[in-house]
Structures are given as C-alpha cells and as structure tokens.
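# Understanding the architecture of this molecule
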Amino acid sequence: MAQKSLFQEFTKGIVKENPVLCLVLGTCPTLAVTTSAFNAIGMGVAATAVLICSNAVISALRKFIPDKVRIPAYITIIAGFVTVVQMLVKAFAPAINDSLGIFLPLIVVNCIILGRAEMFAGKNPVIPSILDGLGMGIGFTAALLCMGIIRELLGSGSLFGIQLLPVQILIFILPPGGFFVFGMLIMLANKLNTKAGKTVKTKPCDGCPMADKCSQSTCANTEKEVATDAD
C-alpha cells in the first residue's frame, strides 16, 4: 500500500497534475524559453534539480521552521540551490546558460517550486517529497519539451539545430505562436485526463503558497462544500 502511494506521488505530476498543463503554473518561463527544444530541456532539468533538492531539505526541516517565517525560509533554501545549479550550468554547459539568460536565476521565484514547497514538502516526509519533486519536474520538463519541439519545428524548420523542414512559420517562435501551442497542449492534457476518468484540477488557488490565507480560496472551498452537500 505504501509503495502504491509513493508511486502515485511520483506519477501525479506527469499528467494528472502536470504543473504547466493542468495547474497552469510557471507559464512565464514556459512561454519564454520554449522557442527551441534545446532550451526547453535545459530549463526543465535545472528546475527539476532544484525541485528535488529543495523539497528534500524543506521536508527535513519542516518541524524546525517557524510558521511565521516559512515562506522566507523556503525562498532562501530554494535560492541556495538555484545558485548552485546556475554555477554548475555556467561551468559545464555555458551554451545553455547563455540561451536561458535571466530565466535561469528566476527559477527562485518559479511558482511550481514554491508551490510544491508550501503545499507538499512542508507537510510530508522526505521520501514522498523527493518523489513529488521528481514527478513534478518530469512533468514540467515534458511540457516544455513538447512546446519546444513544436515551436522550433514549425517556426524554424529545425529540431535541436538540425534543419528538417524547408518551410518556416515564424509566428510559432513569437509570443502569439507560443500562446497558441500552449493552449492546444492544455486542451490535449484535459482530454487525456477526462478519458482516463481523472479529475482535472481547475481551481485557481491550487498550488498557490498563500492559498490558506486567501479569502478567494476560502470562498472557493465553501462553494465546493455547499455543492457537495446539495448532491
């Protein structure tokens, strides 16, 4: 039973609760860096490494971090790992560092990472938190890679820098094309969840680190409870 639960914690972030396509988090780097598949993989791997490490440390320290300063503490921990990842990327993959630019250090304020720290790692043991971070990271990377492949192939006619198509539809590497591909992938993810008989999370407060203090979240939960009682 425990193994099944751990497996569910790992797999939920890939499709059922994909942070980009179902929870609609981290849309800024998603739209900004997916002009090529190479950039998408770089951002995805970097964010996944930060997710796993920060989830593990925050979970291990969850009983020692005072509730009043938990958000600043989480951000400090995340910032530390982002700095380490950025230094490693600069040292061993300078091309990725140049391509991602400012979006690499901005992983610190990525809603996915802070959201998982607040919603899961701060309330659960280390092993499930690591698996949660790994699953969410894989889901994030997969979403970025799908967008990167489609936009690069249609927009530049190439894939990973290799020219494959003679036709280039430049709008796909521009912001409007990014929003179009993003919307199509969200629709596909919702279809897959519906066919699999899974509930698609559409609440705007899901994954928000301040959801427990927000009046909008309270109203949404109240409405849900009332609807359940009526049924």
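Read on for a plain summary of the structure. As the structure is a prediction and not an experimental result, all values here were calculated from the model.

### As for the overall build of the protein
A count of helices and strands for the protein gives nine helices and two strands. Order of helices (α) and strands (β) in the protein, N terminus to C terminus: α-α-α-α-α-α-α-β-β-α-α. Put simply, the protein has 231 residues, and 42% of those count as buried. Pairs at least 24 residues apart make up 72% of the contacts formed inside the protein by residues separated by at least 6 positions.

### Quick word on the packing of helix H3 (residues 37–60) against helix H4 (residues 70–92)
Between H3 and H4, whose axes approach to 9 Å, the crossing angle comes to 140 degrees. As far as their axial angle goes, H4 and H3 are oblique. As H3 packs across H4, the resulting crossing turns out to be right-handed. Contacts from Ala46, Ala49, Val50, Cys53, Ser54, Val57 and Ile58 of H3 reach H4 at Tyr74, Ile77, Ile78, Phe81, Val82 and Val85. Residues that form the contact of H3 with H4 fall into these classes: 12 nonpolar, one polar and no charged.

### A few points about the nonpolar core
Leu21 and Ile107 are the most contacted members of the largest nonpolar core, which totals 43 residues. Those elements giving two or more residues to this core turn out to be helix H2 (27–33), H3, H4, helix H5 (94–100), helix H6 (111–119), helix H7 (126–155) and helix H8 (175–195).

### Thoughts on the environment of Ala37
Among the secondary structure elements, Ala37 is positioned in helix H3. For Ala37 and Ile149, which are 112 residues apart along the polypeptide, the C-alpha to C-alpha distance reads 5.1 Å. Residue contacts for Ala37: discarding those within four places in its chain leaves Leu145, Gly148, Ile149, Glu152, Leu159 and Phe160.

### Quick look at the side chain of Glu152
Mapped onto the elements, Glu152 comes out in helix H7. Despite being buried, Glu152 has no salt bridge partner; Arg151 is the closest side chain of opposite charge, sitting 9.9 Å away. A distance of 3.4 Å separates polar atoms of two side chains, one belonging to Glu152 and the other to Ser158. Among residues more than four places away in sequence, those in contact with Glu152 are Thr35, Ser36, Ala37, Phe38, Gly157, Ser158, Leu159, Phe160 and Gly161.

### Thoughts on H4
Across its 23 residues, H4 extends 33 Å between first and last C-alpha, which sits within 8% of the 33 Å expected from 1.5 Å per residue. Of the positions making up H4, those classed as buried are Arg70, Ile71, Tyr74, Ile77, Ile78, Val82, Val85, Gln86 and Val89. In this structure, the buried residues of H4 make contact with H3, H5 and H6.

### Looking at the layout of surface pockets
Approximately 190 Å³ is the volume found for the second largest pocket. In terms of lining residues, the second largest pocket is bounded by Ile14, Val15, Asn18, Leu21, Gly139, Ala142, Ala143, Cys146, Leu185, Leu188, Ala189 and Leu192. Of all elements in the fold, only H7 and H8 reach the threshold of two or more residues within the lining of the second largest pocket. Its residues assigned to classes, the lining of the second largest pocket shows 10 nonpolar, two polar and no charged.

What counts and how
Residues numbered from 1 in each chain as written. Predicted model: local features only at pLDDT ≥ 70, side-chain atom pairs only at ≥ 80, totals over all residues. Heavy atoms only, no water. Helix = DSSP H or I, 4+ residues; strand = E, 2+ residues; numbered from the N terminus. Buried < 20%, exposed > 50% of the residue type's maximum accessible area, 1.4 Å probe, protein only. Contact = heavy atoms within 4.5 Å. Axes fitted to C-alpha atoms, helices over the stretch in contact; angles between N-to-C directions. Parallel < 35°, antiparallel > 145°, perpendicular 65-115°, else oblique. Left-handed = near helix turned anticlockwise from the far one by under 90°. Nonpolar A, V, L, I, M, F, W, Y, C, P; charged D, E, K, R; others polar. Core = buried A, V, L, I, M, F, W, Y, C linked by side-chain atoms within 4.5 Å. Lys, Arg positive; Asp, Glu negative; His and termini not counted. Salt bridge = Lys/Arg side-chain N within 4 Å of Asp/Glu carboxyl O. Polar contact = N/O pair within 3.5 Å; in protein donor to acceptor, adjacent residues only side chain to side chain. Expected span 1.5 Å × (residues − 1). 1 Å grid on protein atoms, 1.4 Å probe; cavity = no way out; pocket = protein on both sides within 12 Å on 5 of 7 lines; lining within 4 Å. Points joined across faces, edges and corners; volume = space filled by probe spheres on them.

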